[in-house]
Number of protein chains: 2
Amino acid sequence: MASRTPSAAPTSPRTGRSGGRTAGTPAEPSPRAGESAPAEPSTPAAKGAPAGKGGERPRRRLSVDERREQLIAVALELFSRRPPEEVSIDDIAAAAGASRPLVYHYFPGKQALYEESLRRAGRELAGRFEEPADGPLSERLYRVMGRYLDFVQSHGPGFAALLRGGSVAASAGTSAVIDEVRRAAHDQILSHLAVPSPSPGLRLTVRAWIANAEITSLEWLGERSVPLEELQLHLVQEFVAALTLTAAREPALAAELAGFFAAERPDGPTGLLVRELAALFADPGIADAVAALVVGPAN
Amino acid sequence: MASRTPSAAPTSPRTGRSGGRTAGTPAEPSPRAGESAPAEPSTPAAKGAPAGKGGERPRRRLSVDERREQLIAVALELFSRRPPEEVSIDDIAAAAGASRPLVYHYFPGKQALYEESLRRAGRELAGRFEEPADGPLSERLYRVMGRYLDFVQSHGPGFAALLRGGSVAASAGTSAVIDEVRRAAHDQILSHLAVPSPSPGLRLTVRAWIANAEITSLEWLGERSVPLEELQLHLVQEFVAALTLTAAREPALAAELAGFFAAERPDGPTGLLVRELAALFADPGIADAVAALVVGPAN
């Protein structure tokens, strides 16, 4: 996501919910957001001008759409670094090189700006779950988790504040964004599983694993006790284990699981997991105990 | 929780956080909460009288502490059945047979009453995680999950509204209650594992599994697609699987895991799981694929 143009959504159009923004505003370079830039005076022109042909003039004034996009980008940056309680409209105005009244001209208040920036972040995050259906499943998921964890790392405090809930800025709007990201993750994973009609049990497995990924990344943000790559591998392996458990309960899934294991590579996340578990179950104490359980109850 | 006396906390004293309530108020029978009872007039005596010797009088007026407890109990009942947005102070007053001003005399507003009733519910829920350290681990956890799921079932809409977040009533206070219940669950599970110094990885496994239990029960409340007993069994088996995966990564845990498996019984949750997995891995397609992965990459 290194380069963006004002006329293109930051992520794939598939995830877009553009909120009524008019496309086609002429592209003009956005000024750099400077922490110490003086507040831009809220002139009648900036206040009242409709969107549209601003790009034809030689002046470097941002069009209405561009200014709006810039304010959202600046807000997202601030809300990523600090919990919403600790970001004020003044902070956003200062970082955008705009005046407070100008910010209020575009957004009724901090909550609206918070929710809009959150919707953008949600859209970007949802876009990171998209992955071509190529190669072993666990390797696809591993790549997805790499992008997800990069997002978590770069939006840490905001991500944590959002998911912890109980924030004064939590609302039906923020909750809807979280739900939408979860749904995108769920749908993407199911599409990679390519199971014709996923059972309620399989859907629940996917949702529970998404909750696992959330709680795990939240914990990681707090303590950073393991390298991010380890988390990435463990989460994928936990998914493989959860899928296997679900197949053990649902015979209809066993055939899918066979196909899934057959496509895995020995040096991929599943191969590593299988060998780790084989080593664990080779432990004589564990092997004996498990063997006794396999035999079943004496009748 | 059929009978309560004002001087005893509703759940085990170990989990109690009595919030500065003075114990020792004389017990007096509470009037039945009737949906259609007329509002009790807020007399100066009821309003201004300090707690204490009210029990000496023959009148059946509730003492200050009793009234407070009654209001909390009534509020908890209503907040269990409906999301907080759909419960008004008038509903609580009517259900308690009290007047609106009387409710406001005890609580500054709905939010305070909501949070207090939530604290009680949280304490009760936390109490349900307490389980004697007897018998196989998975059977202990199975009993705990039975009590947990009963709670979820009987407090459904309130539980869902609370955990879904984004409620207008979500606050730092409600968030603290959720955190406290999660911590109680986490600590109880770790105490049953009896691992001398639990690693960050093991703690994370426990927390992620608690999130799994939450999301699973939330989903269940929405769809009720499987019997509750199945959920109870699956959650316990998922814990066993998560613990096994953690031990596969952390050699220090392998000895603990051997002891844990050795204590399990063939007809318990772990025994059932082991046989389900053994049957799954006996599937020729899965067996061949897994065997190839066990061999490892060719060098």
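See the structure above.
Residues numbered from 1 in each chain as written. Chains lettered and ligands numbered in written order. Predicted model: local features only at pLDDT ≥ 70, side-chain atom pairs only at ≥ 80, totals over all residues. Heavy atoms only, no water.

Caption draft 1: Broad picture of the overall build of chain A. On a plain count of helices and strands, chain A comes out with 13 helices and zero strands. Residues classed as buried in chain A amount to 50% of the 299 residues present. Within chain A, contacts between residues separated by at least 24 positions form 68% of all contacts whose residues are at least 6 apart in sequence. For chain A, the exposed surface amounts to about 13900 Å²; the carbon and sulfur share of it is 57%. (Helix = DSSP H or I, 4+ residues; strand = E, 2+ residues; numbered from the N terminus. Buried < 20%, exposed > 50% of the residue type's maximum accessible area, 1.4 Å probe, protein only. Contact = heavy atoms within 4.5 Å. Areas by Shrake-Rupley, 256 points an atom, 1.4 Å probe, with all protein chains shown as cover.)

Caption draft 2: Main features of the relation of the copies chain B and chain A. Here chain B sits on chain A after a turn of 180° about the axis and a move of 0.0 Å along it, with an RMSD of 0.0 Å. Read as a symmetry element, the transformation amounts to a two-fold axis. (Least-squares fit on C-alpha atoms with pLDDT ≥ 70 in both.)

Caption draft 3: Structural context of the packing of aromatic side chains. Residue and element names in this part refer to chain A. Scanning all chains against the criterion turns up 12 aromatic pairs over all chains. Geometrically, the ring pair formed by Tyr-148 and Phe-159 is edge-to-face, given 6.3 Å between the ring centres and 75° between the ring planes. Here Tyr-148 is found in helix α6 (residues 137-154), whereas its partner Phe-159 is found in helix α7 (residues 156-164), with 11 residues between them in sequence. Of the two residues examined, Tyr-148 and Phe-159, each falls in the buried class. Following the ring pairs from residue to residue traces out a cluster consisting of Phe-129, Tyr-148 and Phe-159. (Phe/Tyr/Trp six-rings, centres within 6.5 Å; stacked < 30°, edge-to-face > 60°.)

Caption draft 4: Geometry of the packing of helix α12 (residues 269-281) of chain A against helix α10 (residues 228-249) of chain B. Between α12 of chain A and α10 of chain B, the shortest axis-to-axis distance is 9 Å and the interhelical angle comes to 90°. Taken together, α12 of chain A and α10 of chain B sit at an angle that is classed as roughly perpendicular. Within the contact between the two elements, α12 of chain A uses Leu-273, Glu-276, Leu-277, Leu-280 and Phe-281 of chain A and α10 of chain B uses Thr-244, Leu-245, Ala-247, Ala-248 and Arg-249 of chain B. For the contact of α12 of chain A with α10 of chain B, the class distribution of residues is seven nonpolar, one polar and two charged. (Axes fitted to C-alpha atoms, helices over the stretch in contact; angles between N-to-C directions. Parallel < 35°, antiparallel > 145°, perpendicular 65-115°, else oblique. Nonpolar A, V, L, I, M, F, W, Y, C, P; charged D, E, K, R; others polar.)

Caption draft 5: How the structure looks around the interface of chain B and chain A. In this assembly, 56 residues from chain B lie in contact with 56 residues from chain A. Here chain B meets chain A over a buried area of about 4300 Å², counting both sides, of which 75% is carbon and sulfur. Three residues stand out in chain B for area buried against chain A, namely Leu-245, Arg-249 and Leu-293 of chain B, and they jointly supply 16% of the buried area on that side. On inspection of chain B and its partner chain A, the count reaches four salt bridges. For Glu-238 of chain A, the salt bridge identified is with Arg-249 of chain B, shortest N-O distance 2.8 Å. Viewed at the interface, chain A and chain B are joined by eight residue pairs in polar contact (both at pLDDT 80 or more). Residue classes in the side of chain B that touches chain A are distributed as 30 nonpolar, 14 polar and 12 charged. (Buried area = accessible area lost by both parts, 1.4 Å probe. Salt bridge = Lys/Arg side-chain N within 4 Å of Asp/Glu carboxyl O. Polar contact = N/O pair within 3.5 Å; in protein donor to acceptor, adjacent residues only side chain to side chain.)

Caption draft 6: Quick peek at the environment of Asp-187 of chain A. On the secondary structure map, Asp-187 of chain A appears in helix α8 (residues 172-193). Between the C-alpha atom of Asp-187 of chain A and that of Phe-129 of chain A, which follows or precedes it by 58 residues, the distance is 9.4 Å.

Caption draft 7: Just the side chain of Glu-115 of chain B, in detail. All names here are of chain B. For Glu-115, the position within the fold is in helix α5 (residues 110-128). Nearest to the buried, unbridged Glu-115 among oppositely charged side chains is Arg-119, at 4.4 Å. Aside from chain neighbours lying at most four places away, what touches Glu-115 is Ser-171, Gly-173 and Thr-174. (Lys, Arg positive; Asp, Glu negative; His and termini not counted.)

Caption draft 8: Layout of the pattern of salt bridges. The full count for this structure, using the stated rule, is 28 salt bridges over all chains. For Arg-82 of chain A, the salt bridge goes to Asp-91 of chain A, with nearest N and O atoms at 3.1 Å. Residue Arg-82 of chain A is classed as partly exposed on the basis of its relative accessible area, which comes to 25%. Note that Glu-116 of chain B and Arg-120 of chain B form a salt bridge whose closest N and O atoms lie 3.1 Å from each other.

Caption draft 9: Inspection of unusual backbone geometry at higher detail. Residue and element names in this part refer to chain B. A positive phi angle is found at Ala-194, which is not glycine, with a value near 55°. Taking relative accessible area as the criterion, Ala-194 reaches 54% and is therefore assigned exposed. Phi at Arg-224 is positive, roughly 45°, even though this residue is not glycine. Inspection of the secondary structure puts Arg-224 in the loop between α9 (200-223) and α10. For Arg-224, a relative accessible area of 45% puts it in the partly exposed group.

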